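# Structure at a glance
The residues making up each chain are set out below.
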Amino acid sequence: ILASHDHDSALYALAASPDRRLVAVGGSDRFVMILDADTLAVKYRFRAHDATISTACFHPTQPILATASSDHSLKLWRYADATMLQSFIGVEGLSRSITFSPNGNLLATDGRDRAVRLIEVDESLR
């Protein structure tokens, strides 16, 4: 173990940035924390959802984080200033995992409802 970061609430989402410099975590407190991957020092922290964050992933080429929550939403964030860039409301089933396509054009999610969904990312965010 090179570093450790304690958290006050349960963590359910964990993602590493493509360049391996950042780690994103989220959980029952509804906040996202972006941590330095070497030290686990908090670089950014913001409230992302109205319920538990279930999963997260980094965009392959842009400084964007995707998050999903038990509030039935999926959101894209510019994490450096906590700006929500795109939101998908009413996503059925709790998303257990999300991932971007290699070119960043699509976001795939699966859920407890046993469905896989492909979502087109806004062209301006690619």
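Above this text you will find the structure in question.
Notes on the structure in this doc start here. Sequence positions are assigned chain by chain, starting from 1 and proceeding in written order. The model is predicted, so local features are restricted to residues of pLDDT at least 70 and side-chain atom pairs to those at 80 or more, both for listing and for counting; the totals for chains, interfaces and linings are taken over all residues. Based on all heavy atoms of the structure, the side-chain values leave hydrogens and waters out of the count.

Of the regular secondary structure elements, the chain holds zero helices and eleven strands. A run of H or I in DSSP becomes a helix once it reaches four residues, and a run of E becomes a strand once it reaches two; helices and strands are each numbered from the N terminus. Element order for the chain, N to C, with α for helix and β for strand: β-β-β-β-β-β-β-β-β-β-β. Both definitions apply: the radius of gyration is a C-alpha atom measure, and the globule rule equals 2.2 Å times residues to the power 0.38. Radius of gyration (C-alpha) of the chain: 14 Å, near the 14 Å computed for a compact globule of 126 residues. In terms of principal-axis extent, the alpha carbons of the chain reach across some 35 × 30 × 25 Å. Within the span of the chain, comprising 126 residues, buried residues form 44% of the whole. Split by element, the accessible area of the chain, about 7,000 Å² in all, is 48% carbon and sulfur. Placing the 13 positive and 15 negative side-chain charges of the chain at their respective mean positions leaves the two points 2 Å apart. Buried means the residue's accessible area, taken with a 1.4 Å probe over protein chains only, is under 20% of the maximum for its type, while exposed means over 50%, and partly exposed covers the values in between. Areas reported here follow the Shrake-Rupley algorithm with a probe of radius 1.4 Å; residue values treat only the protein chains shown as occluding. Counted as positive: Lys and Arg. Counted as negative: Asp and Glu, with His and the chain ends omitted from the count. Charged side chains are reduced to one point each, which is NZ for Lys, CZ for Arg, CG for Asp and CD for Glu.

Mapping E120 onto the fold places it in strand β11 (residues 116-120). In sequence terms E120 and R47 are 73 residues apart; their C-alpha atoms lie 24 Å from each other.

We now examine the sheet that holds β11. Strand order across the open sheet formed by three strands is β9-β10-β11, with antiparallel pairing between neighbours. Whereas interior strands pair on both sides, the edge strands pair on one side only; in this sheet they are β9 (95-100) and β11. The average undirected angle you get between the axes of adjacent strands in this sheet is 20 degrees. Relative to β11, strand β10 (residues 106-111) is paired through five bridges, and the arrangement is antiparallel. By the bridge assignment, L107 is partnered in β11 with I119. DSSP bridges decide pairing: two strands pair if at least two such bridges lie between them. Comment: axis = line fitted to C-alpha atoms, over the contacting stretch for helices; angle = value between 0 and 180 degrees taken between N-to-C directions.

Whenever Lys or Arg places a side-chain nitrogen within 4 Å of a carboxyl oxygen from Asp or Glu, that contact is recorded as a salt bridge. Overall, the coordinates contain three salt bridges when judged by the stated rule. Among the ionic pairs, R78 bridges to D81, the shortest N-O distance being 3.0 Å. Given the relative accessible area of 35%, R78 is considered partly exposed. Relative accessible area serves as the criterion here: at 44%, D81 is assigned to the partly exposed category.

What follows covers unusual backbone geometry. In this structure, R30 is a non-glycine residue whose phi angle is positive, near 75 degrees. Notably, L40 is not glycine yet its phi reads approximately 65 degrees, a positive angle. Relative to the helices and strands, L40 resides in the loop between β3 (31-36) and β4 (42-47).

In spatial order, the strands read β1-β2-β3-β4; together these four strands make up an open sheet with antiparallel pairing. In this open sheet, the two edge strands, each paired with only one partner strand, are β1 (11-16) and β4. The average undirected angle you get between the axes of adjacent strands in this sheet is 15 degrees. Relative to β4, β3 is paired through five bridges, and the arrangement is antiparallel. Its bridge partner lying in β4, I34 is registered against Y44.

Among the secondary structure elements, V23 is positioned in strand β2 (residues 22-27). For the pair formed by V23 and D36, sequence separation is 13 residues and the distance between their alpha carbons is 6.4 Å. Any two residues having at least one pair of non-hydrogen atoms within 4.5 Å are treated as being in contact. Discounting chain neighbours no more than four positions away, the residues touching V23 are L14, A15, M33, I34, L35, A37 and F58.

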